[in-house]
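Residues per chain, in single letters:
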Amino acid sequence: MSVEIPLTIVRKPLAVTGIGVYSPIGKDPQEFWSRIANCECGVKEIRGFCTDGLSVRHAAEIADHNPLAYFDSQEELSLDWTAQFGIIAARQAMDDACLDSRTVNSTRLGLVVGVCAGGQGDSPLQRSIDRPFEIALDRFPETSIYRQTDAIGRVLQIHGPRNTVSTACASSGSALGYAYELLQTGDVDAILVGGTDAFSISTYAGFYALGAMPTEPISPFSENIGVSFGEGSGFVVVESLERAESRGAKIYGLLLGYGCSGDAHHVTSPHPSGEGLQRAMELALTRSSLNANQIDYVNAHGTATRDNDRAETSAIREVFKKCSKTPPVSSSKSQFGHTLGAAGILEFIVSILAQQEKKIPATVNFAAARPGCDLDYVPNECRFGEIDGFLSNSAAFGGINVSVAGGSLKYRDAITRSPVDEIWITGVGVVSPIGCGLEEFRHALLEGRTGIAPITEFDVAERTSQFAALMGDFKARKRAPTIDVRRTDPLNRFAMVAAALALKHSRLNVNAQNSGRIGMVMSLNYGSIAVQERFRDSLMNDGIDKLSAKHFPSMVVSTVGGTVAQSFGLRGYNSTVVDGIGSGLQGLIHAYHVLRQDEHQDAIVVTAADEVGALLFKIFDQRGWLAPTTGVAMPVLGPYQSDAGGWILGEGAVSLVIERASKARERGARPLAKIAGCGLTADAALAPQFEENCDWHVAAIENSLRNGRLSLDDIDLVYGHGRGVPQHDLREVRALNQVFGDRAIPLGCIVGNTGMAGATSGLYSVVASLLSIQYGEGYPVIGSSGDLVHGMKLNVKTLRQPFSNVLVTGSTENGNNAAIVVSQVEE
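Keep in mind the model is a prediction, meaning the values are calculated, not measured.

Caption draft 1: How the structure looks around the overall build of the chain. If you tally the helices and strands in the chain, you get 26 helices and 32 strands. Its C-alpha atoms give the chain a radius of gyration of 25 Å, near enough to 28 Å, the size a compact globule of 827 residues would have. Reported as C-alpha extents along the three principal axes, the dimensions of the chain are approximately 75 × 65 × 55 Å. Sorting the 827 residues of the chain into buried and exposed places 69% on the buried side. Of the contacts formed within the chain by residues at least 6 apart in sequence, a portion of 81% connects residues at least 24 apart.

As structure tokens, then:
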């Protein structure tokens, strides 16, 4: 087997050149910092909805938010407050950064957003006193997490890589980490990165049921135990320091590096010792080329819950145990509450501004330190002090820990070097309606089998569409007898079994010695539909004071990846990507960028999972998005067909083990293929509208070829994502024609086999590409006349020929375009 000499990536500090803030204690960075410096607390009695009869009545709200001051009347109605907050802060950051128009109007500007609760903060409707818990079904799709990111991208017309990260309370800390990785690749010039979340009754109700909120305002590390929630948004523009200086930009400070780890301990509670957060902080220092003595301040996660504060204190103490003095630590949540998806970025912004102003922020509401909390928490009053290096910590449900390192221009030369490795796919796990396991899946594709069948799992008698590709009587223990699937919902079972099959297929042994070097990236569409239905019903029927707490943790999408990580002891990098239909591709690209540049990670288990529930099916049917099947004996999805009627939903999961080639070789692993190149771009549109111009999708494909150093002639086969929506499918065909010209390259699409399975559709196609390379088989497109296909050569029967380079490409419903080239590994 030929061994390539690995390239080296030189990791350089990134400049923060624009800042935007919209928060309970300030609607711009200047007001925000003024109130931080004056130690003001924005946690007050809740005004947004009625709390009569409830013991917890405090939160940090943007109580005087006036949408019409920022948006026209149509935008006010169509945009959830999560999106509104995000757009306001993102605009500020972009205006502040003064990026040139060539960057802004190209694919060289990216967007990465951390969102936790998503559109559940639908304030004008949800906060009605008469029906405070009711979310209008016809607006449910707009509450999706990624919809908020896509709305920001549409308003600001951003066409570069777009990624929605949802790691619960660590979401925008994780977003900063991924933005750092993307910029180090050189594929983009600048990234708008941040987080946003509006105060949600659902979130309030869930934590109320858990008994996790105090009756008085939040007091981190002090006597009053419990977390007070907030809302708001923060964004920064980051770019290379060299580029920022060459264009004369104002530089607030530096993003020096980050660390991310998983506890693999419990989906809602941190490891008692804080060892996961300790590893994240140590990784942040290593990537930043700093040592612990160079850290002058730590902005703590500091949620004021007993377990979190004690564990974080222990982690900080351990990181700095060899230093002459532990740096001061404070929690900004004491001033603006826990803002969920916006928490990490707002705390990073506090630290950047504190470094500028030479002022160490306080922990307000501090009385006396509680047992186990024995650091300098800067109680109640800021103090002057130089901050040249700082850490900003986040931790979250799912056992996710993130620490971001930042500082002043003193550390402009803090450069690290890391070998860039080839990325191999060494294991596959498939859970699908046409077969579980790789061989079952392959034979179903060869036979042209479909999983689409009449729905018997729930009542569809009044629905226009009555078919889907569902898992039916899925026996998780039969497929993966060693894992414990008790008390798990269908989505988690699909994901756990797929991961078990992939790890077994790869023969990757996860043990105490390597578990911190094996990570997890989960890609989702809506998360657990079954749990959302049960939680919603309980909230509607029982109200907040009698709500059952058992369903709430699984409402947080990062717990799916956390459950998988805990099941297999994966303690490395951990993130959850939520980007819409087909976004398994976005998740795989996310993992690829992290792994190929990080010598501290050996492998990542990339998983996508989806389920179809009665509520989601009803909503999609009412929207008219599903293909009518009433009175039809056997419906077909009709990809690339001009008279196709819409989606036919599917469910299942796929898991891929991807490894650094050098590490895979060391253990004697045999590669199925390698990821040769990838590309991400975005239309600036929201479904059901989208840009008919396919130029941005074309750019994603061209970037994947350029990234893989491949020519058009190197591509043997394409798998697309036609989904039975003629307008969408024709746009995809046009993009491929524009790329390949008059070359009649074979085009496959397996969505007709699996149904339109949300995020998982993207990875189903990657599995098909792996099988094509392994067996020399191009699988037929079923259930379609293919009359929209011109120029390309639609696979109407199995092709039997060698395939070396397969392009997998598609777009989400909001035009998030992805392209991956999967290639044979030469031996």
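Continuing now.
Caption draft 2: Local environment of the pairing of strand 14 (residues 389–396). The buried fraction of strand 14 amounts to 8 of the 8 residues, a majority that puts the element mostly inside the structure. Here strand 14 shows two buried faces, one formed by Gly389, Leu391, Asn393 and Ala395 and the other by Phe390, Ser392, Ser394 and Ala396. The pairing of strand 10 (residues 297–299) with strand 14 spans 3 bridges and is classified as parallel. Considered in strand 14, the bridge of Val298 is made with Leu391. Relative to strand 15 (residues 400–407), strand 14 is paired through 8 bridges, and the arrangement is antiparallel. Residue pairing in the sheet places Ser394 in a bridge with Val402 of strand 15. Hairpin connection, strand 14 to strand 15: the antiparallel pair is bridged by 3 residues, and Gly398 has positive phi, about 95°.

Caption draft 3: Examining the packing of aromatic side chains more closely. Scanning the entire structure with this criterion turns up 23 aromatic pairs. For the ring pair Tyr22 and Tyr70, a centre distance of 5.7 Å and an interplane angle of 80° mean the geometry is edge-to-face. Remark: Tyr70 occurs in the loop between strand 4 (58–59) and helix 2 (73–78) and Tyr22 occurs in strand 2 (residues 14–22); sequence separation between them is 48 residues. Exposure remark for Tyr70: the relative accessible area of 32% places this residue in the partly exposed category. Aromatic rings pair up to connect Tyr22, Tyr70, Phe71, Trp81 and Phe85 into one cluster.

Caption draft 4: Looking closely at the nonpolar core. In terms of nonpolar packing, the biggest core is built from 133 residues, with Phe32, Tyr204, Leu656 and Ile658 touching the most fellow members. Of all hydrophobic cores here, the second largest spans 119 residues; its members include Tyr22, Met94, Phe235 and Phe494.

Caption draft 5: Structural view of the side chain of Glu611. With respect to the helices and strands, the residue Glu611 is situated in the loop between strand 23 (603–610) and helix 21 (614–623). The side chain of Glu611 is buried and forms no salt bridge, while Arg534, the nearest opposite charge, is found at 7.2 Å. A distance of 3.2 Å separates polar atoms of two side chains, one belonging to Glu611 and the other to Ser528. In contact with Glu611, not counting residues within four places along its chain, are Asp489, Pro490, Leu491, Phe494, Gly527, Ser528, Ile529, Ala530, Leu616 and Glu651.

Caption draft 6: Main features of the side chain of His301. Turning to its location among the elements, His301 is positioned in the loop between strand 10 and helix 11 (306–319). Aside from chain neighbours lying at most four places away, what touches His301 is Cys169, Asn308, Glu312, Ser331, Lys333, His338, Asn393, Ser394 and Ala395.

Caption draft 7: A look at the packing of helix 17 (residues 529–542) against helix 21. Packing of helix 17 against helix 21 brings their axes to within 8 Å, and their N-to-C directions diverge by 95°. Taken as axis vectors, helix 17 and helix 21 run roughly perpendicular relative to one another. From helix 17, Ile529, Glu533 and Arg536 reach across to helix 21, where they touch Ala614, Leu615 and Leu616. Looking at the contact of helix 17 with helix 21 residue by residue, the class counts come to 4 nonpolar, no polar and 2 charged.

Caption draft 8: Region of the structure containing helix 8 (residues 201–210). Counting buried positions along helix 8 yields 8 of 10 residues, so the element is predominantly enclosed. All of the buried residues in helix 8 are Ile201, Ser202, Thr203, Tyr204, Ala205, Gly206, Phe207 and Tyr208. Between a side-chain oxygen at the N-terminus of helix 8 and the backbone nitrogen of Ser202 the separation is 3.1 Å; the capping residue is Ser200. Among the residues trailing helix 8, Gly211 stands out with phi positive, at a value near 70°.

Caption draft 9: Quick peek at the environment of Gln641. Assignment of secondary structure puts Gln641 in the loop between helix 21 and strand 24 (652–660). In this structure, the C-alpha to C-alpha distance between Gln641 and Val725, residues 84 residues apart in sequence, is 8.1 Å. Apart from the residues lying within four places of it in its own chain, the contact partners of Gln641 are Pro726, Gly783, Ser784, Ser785, Asp787 and Leu788. Reaching out from Gln641, the side chain makes a polar contact with the backbone nitrogen of Ser785 at a distance of 2.8 Å.

Caption draft 10: Expanded view of the packing of helix 16 (residues 490–506) against helix 19 (residues 558–568). It is at 10 Å that the axes of helix 16 and helix 19 come closest, and there the two elements cross at 40°. The angle between helix 16 and helix 19 falls in the class oblique. At the point where helix 16 passes helix 19, the crossing takes the right-handed sense. In this structure, helix 16 uses Leu491, Asn492, Ala495, Met496, Ala499, Ala500 and Leu503 to contact helix 19, whose residues at the interface are Thr559, Val560, Thr563, Val564, Ser567 and Phe568.

Caption draft 11: Region of interest: the environment of Lys546. The residue Lys546 is located in the loop between helix 17 and helix 18 (552–555) in this model. Distance from Lys546 to Ala205, taken between C-alpha atoms, is 9.7 Å for residues 341 residues apart in sequence.

Caption draft 12: View of the pattern of salt bridges. Per the counting criterion, the structure on display carries 34 salt bridges. Residue Arg287 pairs with Asp598 through a salt bridge whose shortest N-O separation is 2.2 Å. With a gap of 311 residues between them, Arg287 in helix 10 (residues 275–288) and Asp598 in the loop between helix 20 (584–597) and strand 23 connect regions that are remote in the sequence. The buried category is assigned to Arg287, whose relative accessible area is 4%. In this structure, the salt-bridge partner of Arg479 is Glu440, at a minimum N-O distance of 2.9 Å.

Caption draft 13: Representation of the pairing of strand 6 (residues 162–165). Across the two faces of strand 6 the burial is the same, with Arg162 and Thr164 and Asn163 and Val165 all buried. Taken together, the 4 bridges between strand 5 (residues 109–114) and strand 6 define a ladder with parallel strand orientation. Of the residues in strand 6, the one forming a bridge with Val112 is Asn163.

Caption draft 14: Structural view of unusual backbone geometry. The phi angle at Leu340 is positive, at roughly 55°, despite the residue not being glycine. Following the sequence through the fold, Leu340 ends up in the loop between helix 12 (333–336) and helix 13 (343–357). Residue classification places Leu340 among the buried residues on the basis of a relative accessible area of 4%. Positioned with a positive phi, Lys358 is a non-glycine residue whose angle comes to about 55°. Along the polypeptide, Lys358 turns up in the loop between helix 13 and strand 12 (359–360).

Caption draft 15: The arrangement of helix 3 (residues 81–97) in detail. If you check helix 3, its first and last C-alpha atoms are 24 Å apart, about what 17 residues at 1.5 Å a residue would give, namely 24 Å. With 14 of 17 residues buried, helix 3 lies mostly within the body of the structure. Where helix 3 begins, one side-chain oxygen reaches toward the backbone nitrogen of Thr82, 2.6 Å away; that side chain belongs to Asp80. Just beyond helix 3, the residue with positive phi is Cys98, at close to 55°.

Caption draft 16: Examining the environment of Asn541 more closely. Mapped onto the fold, Asn541 is located in helix 17. The class for Asn541 is exposed, based on a relative accessible area of 64%. Separated by 260 residues in the primary sequence, Asn541 and Gln801 have C-alpha atoms spaced 59 Å apart.

Thresholds applied
- Residues numbered from 1 in each chain as written.
- Predicted model: local features only at pLDDT ≥ 70, side-chain atom pairs only at ≥ 80, totals over all residues.
- Heavy atoms only, no water.
- Helix = DSSP H or I, 4+ residues; strand = E, 2+ residues; numbered from the N terminus.
- Rg over C-alpha atoms; globule rule 2.2 N^0.38 Å.
- Buried < 20%, exposed > 50% of the residue type's maximum accessible area, 1.4 Å probe, protein only.
- Contact = heavy atoms within 4.5 Å.
- Pairing = 2+ DSSP bridges.
- Phe/Tyr/Trp six-rings, centres within 6.5 Å; stacked < 30°, edge-to-face > 60°.
- Core = buried A, V, L, I, M, F, W, Y, C linked by side-chain atoms within 4.5 Å.
- Lys, Arg positive; Asp, Glu negative; His and termini not counted.
- Salt bridge = Lys/Arg side-chain N within 4 Å of Asp/Glu carboxyl O.
- Polar contact = N/O pair within 3.5 Å; in protein donor to acceptor, adjacent residues only side chain to side chain.
- Axes fitted to C-alpha atoms, helices over the stretch in contact; angles between N-to-C directions.
- Parallel < 35°, antiparallel > 145°, perpendicular 65-115°, else oblique.
- Nonpolar A, V, L, I, M, F, W, Y, C, P; charged D, E, K, R; others polar.
- Left-handed = near helix turned anticlockwise from the far one by under 90°.
- Expected span 1.5 Å × (residues − 1).

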